[in-house]
Every structure is written in structure tokens, then in C-alpha cells.
Amino acid sequence: MTIRAVETWTLEPLTTYVTEAGARLVLLMTPAGQVLAQSGFSRAVDVMAASALGAAIVASTSELARLMSQPPFAGLSHQGQRNGIFLSAFDTDRGPLVVLVVYELDASSLGLVQLFLEQLVADLRAASPKTGVPKQVLAADFERDLNDSLNSLFGR
Amino acid sequence: MTAPALARALDLITRVRGVRGAMVVSRSDGLVVAEQLMEGIKGSAVAALASSLAGRLQRAMISAGLGSSQFWHLQCDQGALLVVPAGAEHGLLLVAVTEADVNVGLVRLELLRAAETAV
């Protein structure tokens, strides 16, 4: 199990979560796709793809919720024959965050992933920095921030 | 399997003295299908952890060459968890949360009856 964090306050909650939920891959990011921490990924290109796709899914489901005059969906689950994906968005003092979890049905379940997610959210809220307003992500900065994040996550 | 049939089955289980709650749990995803629980029992947590345990027990029993499980009884300090796998190819679990001095045989009977008739 390899867990790496760009923002170190996420490390302990994420480590606990991965162990307890039996998750195979976990990505913690902002709704814009900026990665804060990851577990289980071995290639930077996979983190880039997963964060971009996860952020896009959250954006599209949030828009669907808006069209239905509903608050944004709290969670989204997609289950295959051997693996499941769970996406959830929540607020912290750091700003809104998104967690993407991939789990194997042999090792975990949607129930476990959801159960321990409540604890993860509580732990992240308790650990998140209380000061400072999250900076706006500008298109010009995004690629540089993404590269910096990937360098931190994969030690390049 | 219909919602009213499940509700009736759970009702019969929870009528046994000492039963604090009963539920039907989806074994593959660990989610609650139906429940009748007293206040203070975290149904979603019990469901997720029981389904996880079911998977591990299944692997242990297959490794030991014992076949699939029929009934589990987990005795704790202040009560017990009684579980009967049910449904087509045991896709569900019938779970009873009980007090320590419950008549286990009677609860088991009701769980098995519910597994045969309602699920």
C-alpha cells in the first residue's frame, strides 16, 4: 500500500481509511481535479486521468442535481463484476473536496466504503487547516499545479 | 421477495423476547435491504461489517472444505449477533441483534423460517 500526499494533513485520515475500508485505490482531490493525496496508484498518468475523470463526473452530476433543483449528490456508486467505484464530495475548512475510491468486491464492499467514509470525512474536517481561503484555480496555473502535485506524489 | 413479506418476516424475528433488531442485508455490497432495529443500533455499520465477515468466513470454510455456512452465532459481552445466509445462492444475510440472555434456538428458527418463506 503506497499512500502519498501533497498536503500532509490528509495523510493520517487517508491511511486509516484505506486500511479499514480495504480500498484498492483512493484519490483525494478538489472538485477542480487538483490532487491532494493518493493511495495505490503507481503511475502519474493514472492519477492525472482519474482526477480529471472524477472531477468531470462530480461536475456533471452536480449540474444534473442543479437541473433537478436538488443539492449536489453526496455520493455516486458504480459497481462492476469485480470492482466498484465510489465518488463523494464534501466540505472542509480547506474547501470542498472529492474522494474517489476503487474497491475490489472480493476485499471490500460498497457498505464498508460508505461506512468508513463517514469517519474519513470527520477526520479530514478535524485535520484540515482552519486558516486561509482556498486559492482560485486559474487555467494558467492548473498545469503547473498539476505537475507540482504529481512530482510530490511520485517523488520526481 | 416483496417489501411487505420482508417486513412481516422481520416482525416475526423481532417479536422473540430479547431480540433488539433484525435486518436483511445484501451480501455483495453490505447495504441494508430491510430493517427493524431498536434505537442505538447502527444498522448500516452492522450490515457493512456483517457482509464483510460473511465473505471472509465463506473463504475460510471453503479452504477448510466445509461448504457454505448455514448459521453463525457471535456471542458478545452484552448480546449476540445471529446470522443466516438466505436468498438465491445466499445473496442476502438475515441478521438478528440480540441481548445476551436470548433464546438462541428460537431466534435461529425464526431466521431460518424467514429465509425459507420471505427471502
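Quick caveat: nothing in here was measured; it's all calculated off a predicted structure. (Residues numbered from 1 in each chain as written. Chains lettered and ligands numbered in written order. Predicted model: local features only at pLDDT ≥ 70, side-chain atom pairs only at ≥ 80, totals over all residues.)

Caption draft 1: Fine view of the overall build of chain B. Counting its secondary structure elements, chain B contains three helices and five strands. Secondary structure of chain B in N-to-C order comes out as α-β-β-α-β-β-β-α. Since a compact globule built from 119 residues should have a radius of gyration of about 14 Å, the 13 Å found for chain B is in line with a globular shape. When its C-alpha atoms are laid out on the principal axes, chain B stretches across 35 × 35 × 25 Å. The burial tally for chain B puts 37% of its 119 residues in the buried class. When contacts within chain B are restricted to residue pairs at least 6 apart in sequence, long-range pairs at least 24 apart make up 51% of them. (Helix = DSSP H or I, 4+ residues; strand = E, 2+ residues; numbered from the N terminus. Rg over C-alpha atoms; globule rule 2.2 N^0.38 Å. Buried ≥ 20, exposed ≤ 12 C-beta atoms within 10 Å, placed from the backbone. Contact = placed C-beta atoms within 7 Å.)

Caption draft 2: Just the sheet that holds strand β4 (residues 79-86) of chain B, in detail. Residue and element names in this part refer to chain B. In space, the five strands of this open sheet follow the order β2-β1-β5-β4-β3, with antiparallel pairing throughout. This sheet does not close on itself; its edge strands, each paired only once, are β2 (32-37) and β3 (72-76). Within the sheet, the average angular offset between the axes of one strand and its neighbour, ignoring direction, is 15°. Two strands pair when backbone bridges link them, and strand β1 (residues 19-26) and strand β5 (residues 92-98) are joined in this way by seven bridges, in the antiparallel orientation. Its bridge partner being in β5, Gly 21 is matched across the sheet by Val 97. In the packing of helix α1 (residues 3-14) onto the sheet, contacts are made with β1, β2 and β5, and the angle to β1 comes to roughly 145°. (Pairing = 2+ DSSP bridges. Axes fitted to C-alpha atoms, helices over the stretch in contact; angles between N-to-C directions.)

Caption draft 3: View of the nonpolar core. Grouped together as the largest cluster of nonpolar side chains are 73 residues, with contacts concentrated most on Ala 23, Val 26 and Val 113 of chain A together with Leu 94 and Val 95 of chain B. Other than its neighbours up to four places away in sequence, Val 95 of chain B contacts Ala 22, Met 23, Val 25, Val 46, Ala 50, Leu 81 and Val 83 of chain B. (Core = buried A, V, L, I, M, F, W, Y, C linked by C-beta atoms within 7 Å.)

Caption draft 4: Expanded view of the interface of chain A and chain B. Across the contact, seven residues belong to chain A and ten residues belong to chain B. Ranked by residue count, the leading element in the side of chain A that touches chain B is helix α3 (residues 110-127) of chain A, at four residues.

Caption draft 5: Quick peek at unusual backbone geometry. The phi dihedral of Ser 69 of chain A falls on the positive side, at around 55°, and the residue is not glycine. Counting through the fold element by element, Ser 69 of chain A comes out in the loop between α2 (44-67) and β4 (75-79).

Caption draft 6: The environment of Asp 145 of chain A, seen in detail. Its location among the elements puts Asp 145 of chain A in helix α4 (residues 139-154). Each C-alpha atom, one on Asp 145 of chain A and one on Leu 100 of chain A, is 20 Å from the other, the two residues being 45 residues apart in sequence.

Caption draft 7: Expanded view of α3 of chain A. Across its 18 residues, α3 of chain A extends 25 Å between first and last C-alpha, which sits within 8% of the 26 Å expected from 1.5 Å per residue. The largest bend along α3 of chain A measures about 25° and falls at Leu 117 of chain A. Residues of α3 of chain A that are buried in the fold lie against α1 (11-21), β4, β5 (83-92) and β6 (95-104) of chain A together with α2 (43-63) of chain B. (Expected span 1.5 Å × (residues − 1). Bend = angle between axes of the 7 residues up to and from the residue.)

Caption draft 8: Region of interest: the packing of α3 of chain A against α2 of chain B. At their nearest, the axes of α3 of chain A and α2 of chain B sit 8 Å apart, and the two run at 135° to each other. As the angle between them shows, α3 of chain A and α2 of chain B are arranged oblique. The two elements α3 of chain A and α2 of chain B cross, and the hand of that crossing is left-handed. Only Ser 44, Ala 45, Ala 47, Ala 48, Ser 51 and Ser 52 of chain B of α2 of chain B make contact with α3 of chain A, whose side of the interface consists of Gly 111, Leu 112 and Leu 115 of chain A. Partitioning the contact of α3 of chain A with α2 of chain B into residue classes produces five nonpolar, four polar and no charged. (Parallel < 35°, antiparallel > 145°, perpendicular 65-115°, else oblique. Left-handed = near helix turned anticlockwise from the far one by under 90°. Nonpolar A, V, L, I, M, F, W, Y, C, P; charged D, E, K, R; others polar.)

Caption draft 9: Spotlight on the confidence of the model for chain A. Looking at chain A as a whole, its pLDDT mean stands at 87, while 90% of the residues score no less than 70. Ranking the helices and strands of chain A by mean pLDDT puts strand β2 (residues 25-29) of chain A first, with 95, and α4 of chain A last, with 70. (pLDDT = per-residue confidence, 0-100.)

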